[in-house]
Amino acid sequence: MAKMNFGGVEETVITREEFPLAKAREILKDETIAILGYGVQGPGQGLNLRDNGFNVIVGQREGATYDKAVKDGWVPGETLFSVEEAAKRGTIVCMLLSDAAVLSVWPKVKECLNPGDALYFSHGFAITWPERTGVVPPKDVDVIMVAPKGSGTTVRSLFLEGRGINSSFAVEQDYTGRALERTIAMGIGIGSGYMFETTFKREATSDLTGERGSLMGAIQGLLSAQYEVLREHGHSPSEAFNETVEELTQSLMPLFAAKGMDWMYANCSTTAQRGALDWKDPFHDAIKPVVEKLYESVASGNEAQISIDANSKPDYREGLEKELAALRDSEMWRTAVTVRSLRPEGCK
């Protein structure tokens, strides 16, 4: 494991160069990897592992998602089973269901685990707040995690492009003495490039904070606030959207994704640079207390409980669709559909 410098702080990082795919295959050659759940992370991780030559089976209840697994080449009775049957057959049992589903199936899955099995997660949620989730693994299994830094769709698409995705990894419980090598081998098997060391608690709290903050919740709040102010002051929908979202996603994000915020600033007008530098601190000062409040809510387990309570409601899906429809049907995102359709193609 290599030490790398991140802004002056050394962290442990695993690379494919020091831990090649052949080594991962050797470590897991006698394992049966059971992917429980074929929704978001299941297809990407399962198909990547299968393509990389590992012994993989899938556990999924019958329905549309089960049918999708069949279309992806998983064979009922051979590589595709019920959740409980797959858990019984697996030696590395991968809990890749939604957080709510993990809670509902855990009592049955727990009964299927054998001493020496590995219980694998891609999110620290269930283990970090056991008093709320009820997920307490037996003492005679390894408890490990590989958390790709992207959706299951991205895990698969980057793998097919020959690139891979970065992941974080953690060992919560090492019963066999092999937990770390199993973890790293799984990470390499699903197509990870670099793997960053973390803990279940750190991954869970940073993940929930990020989703509610800059990755999803805060960005929507900021975009809608700016769009509304421009519209309220007489700017047209297309102008408000272009100056709020389109230029951000199509021009500026690629710049700071490639080389950082300073590179983006350097490639903008001096007027834009001056305004950004003058206004970044007021935005920081206004937003940081909200992020601190958010982090405290996550760390306390309050956000986990809100998620558990919401997902446990029988009409949760219907309510969720109404909220998403309201977002989709807002003027800003209806404007987005038209603006996206007008993006130039073939201008060379």
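Note that the coordinates shown come from a computational prediction; the quantities given were computed from them, not determined experimentally.

**Q** Explanation requested: the packing of helix 2 (residues 41-51) against helix 8 (residues 152-160) in the structure shown.
**A** Packed helices, taken two at a time, are described by their axes: the angle between them and the distance between them. The contact between helix 2 and helix 8 brings their axes to 6 Å, and the two run at 30°. As summarised for this structure, helix 2 and helix 8 are arranged roughly parallel, according to the angle between their axes. The way helix 2 lies across helix 8 gives a crossing that is left-handed. Seen from helix 2, the contacting residues are Gln41, Gly44, Gln45, Leu47, Asn48 and Asp51; seen from helix 8, they are Gly152, Val155, Arg156 and Phe159. Per-class residue counts for the contact of helix 2 with helix 8 are 3 nonpolar, 5 polar and 2 charged.

**Q** So what exactly am I meant to see when it comes to the sheet that holds strand 2 (residues 9-14) here?
**A** Sheet strands pair via backbone hydrogen bonds, and the direction of the pair is either parallel or antiparallel. Pairing is mixed across the open sheet formed by 10 strands, whose spatial order is 1-2-10-9-8-7-6-3-4-5. What marks the edges here is a single partner per strand, and that holds for strand 1 (2-6) and strand 5 (80-81). Pairing of strand 9 (residues 165-173) with strand 10 (residues 192-197) involves 4 bridges; the strand directions are parallel. Bridge pairing in strand 10 links Ile165 to Ser192. Packing of helix 2 onto the sheet brings it into contact with strand 3 (33-36), strand 4 (56-59), strand 7 (118-121) and strand 8 (142-148), and relative to strand 3 it is tilted by some 160°. Here helix 10 (residues 200-212) sits on the sheet and contacts strand 7, strand 8, strand 9 and strand 10; the angle it forms with strand 8, its principal contact strand, is near 35°.

**Q** Teacher, can you tell me more about the pattern of salt bridges here?
**A** Where charged atoms from two side chains of opposite charge come close, those side chains can pair. In the structure shown here, the tally under the stated rule is 18 salt bridges. For Glu85, the salt bridge is made with Arg89, and the minimal N-O distance between the two is 2.8 Å. Linking Glu85 with Arg89, this pair stays in helix 4 (residues 83-89), spanning 4 residues, or about one helical turn. Taking the relative accessible area as the measure of exposure, Glu85 reaches 28% and is therefore partly exposed.

**Q** Teacher, can you tell me more about the side chain of Asn52 here?
**A** Inspection of the secondary structure assignment puts Asn52 in the loop between helix 2 and strand 4. Excluding residues that lie within four positions of it along the chain, Asn52 makes contacts with Leu21, Arg25, Phe159, Ile188 and Gly189.

**Q** Please clarify how the packing of aromatic side chains should be interpreted in this entry.
**A** How two aromatic rings sit relative to each other is set out by the distance from centre to centre and by the angle between their planes. All chains considered together, the criterion is met by 6 aromatic pairs. Plain terms: the ring middles of Trp279 and Phe283 are 6.4 Å apart, the flat faces sit at 55° to each other, and that makes the pair tilted. Of the two residues, Trp279 and Phe283 are both situated in helix 14 (residues 270-299); the distance of 4 residues between them amounts to about one turn of the helix. For the cation-ring pair, Arg50 lies above Trp74, with the distance from its terminal atom to the ring centre recorded as 4.4 Å. Across from the ring centre of Trp263, 4.3 Å away, lies the NZ or CZ of Lys259, which sits over that ring.

**Q** I keep staring at the nonpolar core and nothing clicks. Help me out?
**A** Core analysis: the largest hydrophobic core is formed by 32 residues, its most contacted members being Ile33, Tyr120 and Met186. Sort the elements by how many residues they give to this core and helix 9 (residues 179-189) lands first, with 5 residues. Look past the residues within four positions of Tyr120 in its chain and what remains in contact with it is Gln45, Ile92, Val93, Cys94, Met95, Leu96, Ile144, Val146, Met186 and Ile190. In terms of nonpolar packing, the next biggest core, distinct from the first, is built from 27 residues, Val93, Val109, Phe121 and Ile127 among them.

**Q** What is the right way to look at the pairing of strand 6 (residues 92-95) in this model?
**A** In summary, the side chains of a regular strand alternate between the two faces of the sheet. Taking every second residue as pointing to the same face, both faces of strand 6 are buried, with Ile92 and Cys94 on one and Val93 and Met95 on the other. Here strand 3 pairs with strand 6 via 4 bridges, running parallel. The partner of Ala34 across the bridge, within strand 6, is Val93. As defined by bridge partners, strand 6 adjoins strand 7 across 4 bridges and the pair is classed as parallel. Along strand 7, the bridge assignment pairs Ile92 with Ala118.

Thresholds applied
Residues numbered from 1 in each chain as written. Predicted model: local features only at pLDDT ≥ 70, side-chain atom pairs only at ≥ 80, totals over all residues. Heavy atoms only, no water. Axes fitted to C-alpha atoms, helices over the stretch in contact; angles between N-to-C directions. Helix = DSSP H or I, 4+ residues; strand = E, 2+ residues; numbered from the N terminus. Parallel < 35°, antiparallel > 145°, perpendicular 65-115°, else oblique. Left-handed = near helix turned anticlockwise from the far one by under 90°. Contact = heavy atoms within 4.5 Å. Nonpolar A, V, L, I, M, F, W, Y, C, P; charged D, E, K, R; others polar. Pairing = 2+ DSSP bridges. Salt bridge = Lys/Arg side-chain N within 4 Å of Asp/Glu carboxyl O. Buried < 20%, exposed > 50% of the residue type's maximum accessible area, 1.4 Å probe, protein only. Phe/Tyr/Trp six-rings, centres within 6.5 Å; stacked < 30°, edge-to-face > 60°. Lys NZ or Arg CZ within 6 Å of the ring centre and 35° of its normal. Core = buried A, V, L, I, M, F, W, Y, C linked by side-chain atoms within 4.5 Å.

Nothing here speaks to function; it is all geometry.
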